[in-house]
Amino acid sequence: MNKQITLLFLLSIYLIIGGCSRIDTSVLKSAVTLNTALYQHTFKVENTTVKKVFLEIECKGAYANLSIKEGKNTLVDELDIPNKGRHTFSILVDFKNYGIKELSFINKGSEIVLHQLKFSDYEGITIPQFKDISEASGFTTEVTWKYGGPSIGDINNNGYYDFVLNNHDKVPAKLFWNKGNGQVEENKKPLMKWDIHGSAVADYDNDGDLDILISQGGGNGTDPQPPHLLRNDNGTFKHVSKEVGITLGARGRSVRWIDMDLDGDLDLLFINAEGINASDGAQHILYENLGEGKFQNRKSEGIEKAKGERVLVTDINNDQIDDLILFEPLSIWLGNGDFTFSDGSEKWLSKKMQNTEYITGAAAIDIDNDGHLDLYLSRGKTYYQTANKSFDFDPIHQKVDIRDEGNKGVTSMEFDAYGDIVLSNMFLWYRMYDDGFPIYLGSEKVAINSIKEIDSVKVTQEMAKGWSTERTKNGWYFGYLGNGKWKVEWIRNNDIYWDVRLTISGVQSVTTEWNPQNRNVQDILLRNTGNGFVDKSIEWNIPKGGSHQGVTVADFNNDGYSDLFVYRFGFLQSRVTDWLLLNNGRGQFELTTSHGAMDSNDKGHGDMGQAFDYDLDGNVDLLSGSDNYGKWYLYKTLNTNDFNFLEVRVNYSEEKNVDPISAIVIVETASNTYKKRVGSAGEIHSQSLLNTVHFGLGKEDKVKKVTIKWRNGEQCIINTPPINGVVSTPKMK
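Residues numbered from 1 in each chain as written. Predicted model: local features only at pLDDT ≥ 70, side-chain atom pairs only at ≥ 80, totals over all residues. Heavy atoms only, no water.

Caption draft 1: Inspection of the overall build of the chain at higher detail. Across its full length, the chain holds four helices and 56 strands. Here the C-alpha radius of gyration of the chain, 26 Å, is about what a compact globule of 733 residues would show, namely 27 Å. For the chain, the spread of C-alpha atoms along the three principal axes comes to 85 × 65 × 50 Å. Per-residue burial over the chain gives 61% buried out of 733 residues. Within the chain, counting contacts between residues at least 6 apart in sequence, those at least 24 apart form 66% of the total. In the structure as shown, the chain presents an accessible area of about 27,700 Å², 47% of it carried by carbon and sulfur atoms. Here the chain holds 78 positive side-chain charges and 100 negative ones, and the gap between their average locations is 4 Å. (Helix = DSSP H or I, 4+ residues; strand = E, 2+ residues; numbered from the N terminus. Rg over C-alpha atoms; globule rule 2.2 N^0.38 Å. Buried < 20%, exposed > 50% of the residue type's maximum accessible area, 1.4 Å probe, protein only. Contact = heavy atoms within 4.5 Å. Areas by Shrake-Rupley, 256 points an atom, 1.4 Å probe, with all protein chains shown as cover. Lys, Arg positive; Asp, Glu negative; His and termini not counted. Charge placed at Lys NZ, Arg CZ, Asp CG, Glu CD.)

Rendered as structure tokens:
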């Protein structure tokens, strides 16, 4: 099937309207077609600067992306239109100020028809603004690969959260200490290198500080590695895996501290990738904490052989025994408290939802404050899945980005370029192959050795003149056919790379005999009814497409309802703004990209992060990772509302000295009851320990009672605590 994407600029269209009323006001007189085009109109902003925009869009082809801009202010950043057909969207935008605005609508991808465009005033929840304080706080990090987010925890028990950064390779895994004065400081020694995946922080030896567990990959399936336990000895980390009895290895992915026998100490769960299973077929490994710093392998039928390499630890049935959400494919495992887990997938999931694929991250969130933990599942395609006939064509900047499998095969495409072309961003994901991947030009096949990823090479029509009839060696083949017509083919004679990537600049149009991969999938919101999950994605206005890599949860604006921050993969060679999903308390999320947590110079992709109150000022901040290649970012949250909050620091229990993991915190006010669980704010491969639990209170100005329940049954009650600060449970007697 031929698919041609051509550059077409429509004449600018100006629609002068009289501004917004409090009733939805259409700004379209008739449908507008955008074929990779720019459409403009003038709009008067009155009454409120925050508006809700309603769009009805018909996608004529496979998929498209639409941005709305006002000068340098991006109102909607690359809205994913996931497939052919009509779609409706509702999004919050922030114009920042009043007056006449010249709006630009920019489409990429298939032709779309804009059938409806309406704006209405919005006086509901405020949009929190995120400020990048990375540099100001001393949080300086390199541009590198990540692997599923950081681990956050108060590692030295000084009341402030520290950061474990899981850099995959080239840059080691690192620890940053939070000094409590707005500044952070990098630990003098890196934690681990290389091939780092997940991490987890907890106090396994009950000495009052947090130890760090790190999983390592299995060397492309050839070198199984046990997890690395770094014991915290007063701020010095000692590798003690063999010493404590952790010796079994696999293709390490996700690590979790979890009390699987309810004896009060923390056991270990290692979730691994397929490829290096035990002789009995076990993929995952469990260890019992024997006390006195020793561990022993435990067998557990069912969970050991379950599919999946990512996991969320939560409690879906409110029995205060940890359950597992394993993915992908999606399955649910209910903890029994005796090192066994029962497969609850059939009971808790509809038949359609069982074994759902393309799940990248998960977060437990009580969307309606009913006391049951619901699930948000971010969905997207992994780098391996993305590397299969993927390309992005940007007609405005005249470039095409290619990403394809490195497996055996031949792929070709044609393009129009009326001048020189520039080749850049070549990346060959190493897979034990060392014989190169040259660029061959024209009928003479003049060879240029593989260029580095940071380099570029200009190719003229004369250099690439003609097309070779013999193309048998591994590499890229370019030929100029005349009249602005070019052809490119890339040949892999065996499975030589994990993927191959290239950017071609100076391109006016692209034609392929194959359909480019549609990377759009649908995130899922599952509401917990108490005995099962019901899909509420449509009703709650969940994003309709995109390739999302992770999700974190918090009440970012302190209105009393939990919100979500969703990390977007974006384009192959350019970042897009992540989604902020604000819970309006009326059964819907309001979507927005008008939040400021974006670096326009970043060249990476949204990966994963954690939401937590970095400086204990009552606003929940973000630590976000931008991957392949991007930096780590620390974003401070700025709220302009006058809502109240309470933060409850859960220490060890008074009687048995049980650590805070999986403790339940219940806050009661005159009109509401809020319930949260000590754990992570979303998980992929890593596990955080967020034991200063944040509650937004909205307009509530008094708290009647706080109840803390540890996993061993101990309780603590704090009556009428002061609000807008931190209250703590007593420490061990």
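Caption draft 2: How the structure looks around the UniProt feature "domain: ASPIC/UnbV" (unreviewed entry) in the chain. Feature annotation in UniProt places "domain: ASPIC/UnbV" (unreviewed entry) on residues 662–725, given in this structure's numbering. Regarding residues 662–725, the helix share stands at 0% and the strand share at 47%, and the terminal C-alpha atoms are separated by 22 Å. (UniProt positions renumbered as here; feature names shortened; annotations may be inferred.)

Caption draft 3: A look at the sheet that holds strand S36 (residues 456–459). Read from one edge to the other, the open sheet built from five strands follows the order S30-S31-S39-S33-S36, with strand pairing classed as antiparallel. For this open sheet the edge positions go to strand S30 (390–394) and S36, each flanked by a neighbour on one side alone. Direction aside, neighbouring strands of the sheet carry axes that sit 15° apart on average. Relative to strand S31 (residues 399–405), S30 is paired through five bridges, and the arrangement is antiparallel. Its bridge partner being in S31, Phe-393 is matched across the sheet by Val-400. (Pairing = 2+ DSSP bridges. Axes fitted to C-alpha atoms, helices over the stretch in contact; angles between N-to-C directions.)

Caption draft 4: Just the confidence of the model for the chain, in detail. Put simply, the chain has an average pLDDT of 93, and 95% of its residues get 70 or more. Here residues 1–24 is a poorly scored stretch, pLDDT under 50, and it has 84 contacts once near neighbours within four places are set aside; other chains count. (pLDDT = per-residue confidence, 0-100.)

Caption draft 5: Highlighting the domain arrangement of the chain. Per the domain assignment, the segments making up the chain are domain 1 (32–121), domain 2 (130–381 + 519–637) and domain 3 (384–512). Put simply, the middle of domain 2 and the middle of domain 3, counted by C-alpha atoms, are 37 Å apart. Counting residues at the interface gives 14 residues for domain 2 and 17 residues for domain 3. For the pair domain 2 and domain 3, the summed buried surface comes to about 1,300 Å²; carbon and sulfur atoms form 49% of the total. Taking the shortest distance from any N to any O, the salt bridge between Arg-519 and Asp-392 comes out at 2.9 Å. There are seven residue pairs in polar contact (both at pLDDT 80 or more) connecting domain 2 and domain 3. Partitioned by chemical class, the residues of the side of domain 2 that touches domain 3 number six nonpolar, five polar and three charged. (Domains from an automatic or database assignment. Buried area = accessible area lost by both parts, 1.4 Å probe. Salt bridge = Lys/Arg side-chain N within 4 Å of Asp/Glu carboxyl O. Polar contact = N/O pair within 3.5 Å; in protein donor to acceptor, adjacent residues only side chain to side chain. Nonpolar A, V, L, I, M, F, W, Y, C, P; charged D, E, K, R; others polar.)

Caption draft 6: Looking closely at the pairing of strand S14 (residues 174–178). Most of S14 sits out of view: five of its five residues are buried. Burial along S14 is two-sided: Lys-174, Phe-176 and Asn-178 and Leu-175 and Trp-177, pointing in opposite directions, are all buried. Bridge analysis of strand S13 (residues 162–165) against S14 gives three bridges, and the strand direction is antiparallel. Paired with Val-164 across the two strands is Leu-175, which belongs to S14. Inspection of the sheet shows S14 paired to strand S15 (residues 184–186) by three bridges, in the antiparallel sense.

Caption draft 7: Examining the pattern of salt bridges more closely. One pass over the structure, following the stated rule, counts 40 salt bridges. Asp-154 is the partner of Arg-649 in a salt bridge, and the nearest nitrogen-oxygen pair spans 2.9 Å. On the criterion of sequence distance, the pair formed by Arg-649 in strand S50 (residues 644–649) and Asp-154 in the loop between strand S12 (151–153) and S13 is long-range, its members being 495 residues apart. Residue Arg-649 is classed as buried on the basis of its relative accessible area, which comes to 8%. Given the relative accessible area of 4%, Asp-154 is considered buried. The salt bridge partner of Arg-711 is Asp-259, with a shortest N-O separation of 2.9 Å. Placement of Arg-711 in the loop between strand S54 (703–709) and strand S55 (715–719) and of Asp-259 in the loop between strand S20 (251–258) and strand S21 (267–273) is noted, with a sequence separation of 452 residues between them. Neither residue differs from the other here; Arg-711 and Asp-259 are each classed as buried. By sharing partners, the salt bridges in this structure join Arg-231, Asp-233, Lys-238 and Glu-243 into a single network.

Caption draft 8: Broad picture of the packing of aromatic side chains. Taken as a whole, this structure holds 35 aromatic pairs when the rule is applied. Here the aromatic rings of Trp-145 and Tyr-383 are separated by 5.9 Å at their centres, their planes lie at 85°, and the arrangement is edge-to-face. Within this pair, whereas Trp-145 is found in the loop between helix H1 (134–137) and S12, its partner Tyr-383 is found in helix H4 (residues 383–386), the two being separated by 238 residues in sequence. Residue Trp-145 shares its accessibility class with Tyr-383, and that shared class is buried. Look at Tyr-383 and Trp-429: their rings are 6.3 Å apart centre to centre, the planes differ by 70°, and that puts the pair in the edge-to-face class. Taken together, the residues Tyr-383 in helix H4 and Trp-429 in strand S33 (residues 421–430) connect sequence positions 46 residues apart. On the accessibility criterion, Tyr-383 (12% relative accessible area) is buried. Members of the aromatic cluster, joined through ring pairs, are Trp-145, Tyr-383, Tyr-384, Phe-427, Trp-429, Trp-498, Phe-569 and Tyr-629. One Lys or Arg, Arg-501, reaches over the ring of Tyr-383 and ends 5.9 Å from the middle of that ring. Stacked on the ring of Phe-695, the Lys or Arg Lys-676 has its end atom at 5.2 Å from the ring centre. (Phe/Tyr/Trp six-rings, centres within 6.5 Å; stacked < 30°, edge-to-face > 60°. Lys NZ or Arg CZ within 6 Å of the ring centre and 35° of its normal.)

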